[in-house]
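# Coordinate inspection notes
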Amino acid sequence: MAKKFQNYVDGKWVDAISGKTFENRNPANWDEVVGTFPKSGKDDVEVAIRAARRAFEEWRLVPAPKRGDILKKVGDLMVEKKEELAKQMTREMGKVLAETRGDVQEGIDTAYYAASEGRRLFGHTVPSELPNKFNMAMRVPIGVAGIITPWNFPMAIPTWKIFPALVCGNTVVFKPASDTPATATALVEILAEAGVPPGVVNIVHGGGGEVGNAIVGHDEVDLVSFTGSTMVGKKISEMASATLKRVSLELGGKNAQMVMPDANMELALDGVLWGAFGTTGQRCTATSRLLLHEKIHDTFVAELVKRVEALKLGDGLKPGIDVGPCVNESQQQTVQSYVDIGLQQGAKVVAGGRIPKDGDLARGWFYRPTVFTGVQPDHRIAKEEIFGPVLSVIKFRTLEEGIRILNDTIYGLSSSLYTTNINDAYTAIRDIKAGITYINAPTIGAEAHMPFGGVKQTGNGHREGGWTVYDFFSEWKTVYVDYSGGLQRAQIDNYQD
Ligand code: NAD
C-alpha cells in the first residue's frame, strides 16, 4: 500500500477538502508508487492563507534571533536526516544519490546562513540634515509569502525561499511541484519538529493551475516567490499585477560553456560532462550549449563523445550510476521532440539521441546522454531550453564571436569560460550577459551564501541566496525621530535666503 501524505495547515496534517488525491511514481521505475498526496483546490488554499494571516500577527513579533534559533534547529535536523531525505528524493525525482545528498546539503547551508542572519538583518542609521533629529531605515516583515517551487531541486529551492521568508518574520503558504511532494512534505515536517508555530508554515499540495493560481491571485498574499519555467513565470507576473504584490521570478536558462584553445582540456571536458549531464541536464543552470574554438573543436568533440558514451544510466540509488532518468514521461517526450527538431534543422547526433529500451531502463523515463555537432546559433536546439541530457556544440573563431553567440539567447542565467589567458577571462566577465559567470568551472555549482539568479527572461531582477534574498522578503521602513521640541522642515529651514 502506498504511503499516504497530507497537507499541513494551521499546525494540523489534513486531507484535501474534496478528499481527492494524486499519485507520485519513481521515474526510474514507474511501477513503484512513492505515495499518494492531496489533490487540493482553491478552498484548501483559502484555509491555509487565513491560517498564515492569523499566525503572522504573532510571528512578526518574535525577535529575529529567536526565529533564527528555530532555523538552526531545522539545520541540525536536516543533518541528522540527510541520508534518508536524499534517498527519498532520488526515488521521487531520479537524480543520483550523490546529487540528492548535495541538494539536502544546500538546504543545510541555507538553514545555518538564515539562522545567523537572524542576528543581523542590518538596517542603516544615517545622519539627519537637521539638528536634534535621528534617521534610520530598518527591515520589517511583509506578511504572507506564497512559495511556488519546481521539482529539480526539491529541497534546496524551497529552503532558499522559506528560510529567509521566516527569518524576516513572514508566514508561508508553500506549493511544491507535483513531481516532488514527498521531499517538500519532509521539509515541512522538519520545520514543525524544530518548533515553527502553527500557521506559520503551511503546505498545500496540488496542481499549478489550481493551487498555484489560487495563491498568486489571492489579495491576502503579499508576496510570491516563484521558481520554474519562463512561460509560467510570465503568467504569474501578469496575475500578480492585479494586486500589485511583490513577485520574485527565477526562470529558465540556456547556459553555455565556452572553451578557448589555451584552456586546460581535461578540466574543460570534466566541466562539460558534469555541467551538461549532471541531474540528467534538468538544471536551470545545465550546460546545454558547448561553444568550442575552431582550433580545438574536432579533438575536443572526439574525446567528449567517448566520455559521454561511457556514462552509465540507471536508478540513482544504485552505486556506479552517473545519470538518472528524466523526471516524467512528458519530459522524456520533450527531449525526444527536440532531438527530432535538431536533426530536421541539419545538426548531427554524435552521441545518444534515443530512448534506451534495454533491461531495467525500459521501466523508467530514461534518455541517452546526447551530443549534437554542426549546430548553428539560430537552430532551435541552440536557442530553446530543452531541460534534458542534450548538448549542442557550436563552433566559433574568436573570443568576441564566442561571446556574441553565448549572449544570443532570451535567457541569462549561468555561463562559463575555460581559458588560461587572464585578459580573455576578464573580457568575458565584463561582456557576458548572465547572472552567473564561472571561469574554469562548469555552469553549475551555486554556493548558498552567494547571490543566485539571472538576467533577461531568466527572471525579474531579484536574486536568491546570500544576503540579497533578504531584500526581497523584508520591507524597508524609514524612521525619523525629531527630539528638537520644535517643528523642523527639511529642505525649507536649511535653505532660507
Ligand atoms: P513549471 O514552471 O512547470 O512549474 C514550477 C511550479 O509552478 C510547479 O510547482 C508548478 O505546479 C507551478 N505552476 C504551474 N503552472 C502554474 C500556474 N499557472 N500558476 C501558479 N503556479 C503554477 O517548472 P518545472 O517543470 O517544475 O521546472 C523546470 C523549470 O524551472 C525550467 O524552466 C528551469 O529552468 C526552471 N528552474 C529555474 C531555476 C532558477 O533558479 N532560475 C531553478 C530551477 C528550475
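Here is what the cut-offs are and how they apply
- The residue numbering used here restarts from 1 in each chain and proceeds along that chain's sequence as written.
- Side-chain atom pairs in this predicted model are given and counted only at pLDDT of 80 or more, local residue features only at pLDDT of at least 70, and totals for whole chains, interfaces and linings cover all residues.
- Processing note: side-chain calculations cover all non-hydrogen atoms of the structure and skip hydrogens and water entirely.
- Only heavy atoms are used to decide nearness, and a residue is near a molecule or strand if one of them lies within 4 Å of it.
- Distance and chemistry together define a polar contact, namely a pair of N or O atoms within 3.5 Å, with one atom able to donate a hydrogen and the other to accept it when in protein, and with adjacent residues in sequence counting only for side-chain atoms on both sides.
- Computed by Shrake-Rupley with a 1.4 Å probe, the accessible areas treat only the displayed protein chains as cover when residues are assessed.
- The way it works is a 1 Å grid over only the protein atoms, where trapped points that fit a 1.4 Å probe form a cavity and open points with protein on both sides within 12 Å along at least five of seven lines form a pocket, and then any residue with an atom within 4 Å of a point lines it.
- Assignment of a molecule to a cavity or pocket requires that more than half of its atoms lie within 2 Å of the corresponding grid points.
- Only DSSP runs of H or I reaching four residues or more are called helices, and only runs of E reaching two or more are called strands; each is numbered from the N terminus.
- Three labels apply to residues, based on accessible area from a 1.4 Å probe with only protein chains included: buried if under 20% of the type maximum, exposed if over 50%, partly exposed otherwise in between.
- Contact criterion: two residues are considered in contact whenever any of their non-hydrogen atoms come within 4.5 Å of each other.
- For this analysis, a salt bridge means a side-chain nitrogen from Lys or Arg found within 4 Å of a carboxyl oxygen belonging to Asp or Glu.
- Helix span, expected: 1.5 Å multiplied by one less than the number of residues in the helix.
- The split of the chain into domains comes from an automatic or database domain assignment.
- Accessible-area loss on putting two parts together, using a 1.4 Å probe and summing over both, is the definition of buried area adopted here.

### Considering the site of the ligand
Residues in contact with the ligand amount to 27 residues; listed here are only the nearest, Thr149, Ser229, Leu251, Cys284 and Glu385. Within the contact set of the ligand, an oxygen atom lies 2.8 Å away from a backbone nitrogen or oxygen of Thr149. Contact distances for the ligand include 2.9 Å between an oxygen atom and a side-chain N or O atom of Lys175. Look at the ligand: alone it shows 850 Å² of surface, and the protein chains cover 88% of it. More than half of the atoms of the ligand fall within 2 Å of the grid points belonging to the largest pocket. Residue assignment for the shell around the ligand shows that the elements contributing at least two residues are α7 (208–217), β10 (223–227) and α8 (230–240).

### Considering the side chain of Thr230
With respect to the helices and strands, the residue Thr230 is situated in helix α8. Residue classification places Thr230 among the buried positions, given a relative accessible area of 6%. In this structure Thr230 touches Leu251, Gly252, Tyr411 and Gln457, once residues within four positions along its chain are discounted.

### Let's talk about the pattern of salt bridges
Within this structure, the stated rule accounts for 31 salt bridges. Here Arg363 and Asp360 are joined by a salt bridge, their closest N and O atoms 3.6 Å apart. With a relative accessible area of 36%, Arg363 lands in the partly exposed category. Accessibility expressed as a relative area gives 47% for Asp360, which makes it partly exposed. Salt bridges here are not isolated pairs; linked through shared partners, they connect Glu266, Asp270, Glu303, Lys306 and Arg307.

### With respect to helix α9 (residues 265–277)
Across its 13 residues, α9 extends 18 Å between first and last C-alpha, which sits within 8% of the 18 Å expected from 1.5 Å per residue. Against the buried residues of α9 lie β12 (255–259), β13 (287–293), α10 (297–309), β15 (370–373), β16 (390–396) and β17 (414–418). Two or three places before Glu266, at the opening of α9, Asn264 has a side-chain oxygen 3.1 Å from that residue's backbone nitrogen. Immediately downstream of α9, the backbone of Thr279 shows phi near 55°, a positive value.

### Observations concerning the domain arrangement of the protein
As assigned here, the protein comprises domain 1 (7–251 + 459–478) and domain 2 (255–439). Between domain 1 and domain 2, the C-alpha centre-to-centre distance is 31 Å. Across the contact, 21 residues belong to domain 1 and 26 residues belong to domain 2. Surface buried jointly by domain 1 and domain 2 totals about 2,000 Å² across both partners, of which 62% is contributed by carbon and sulfur atoms.

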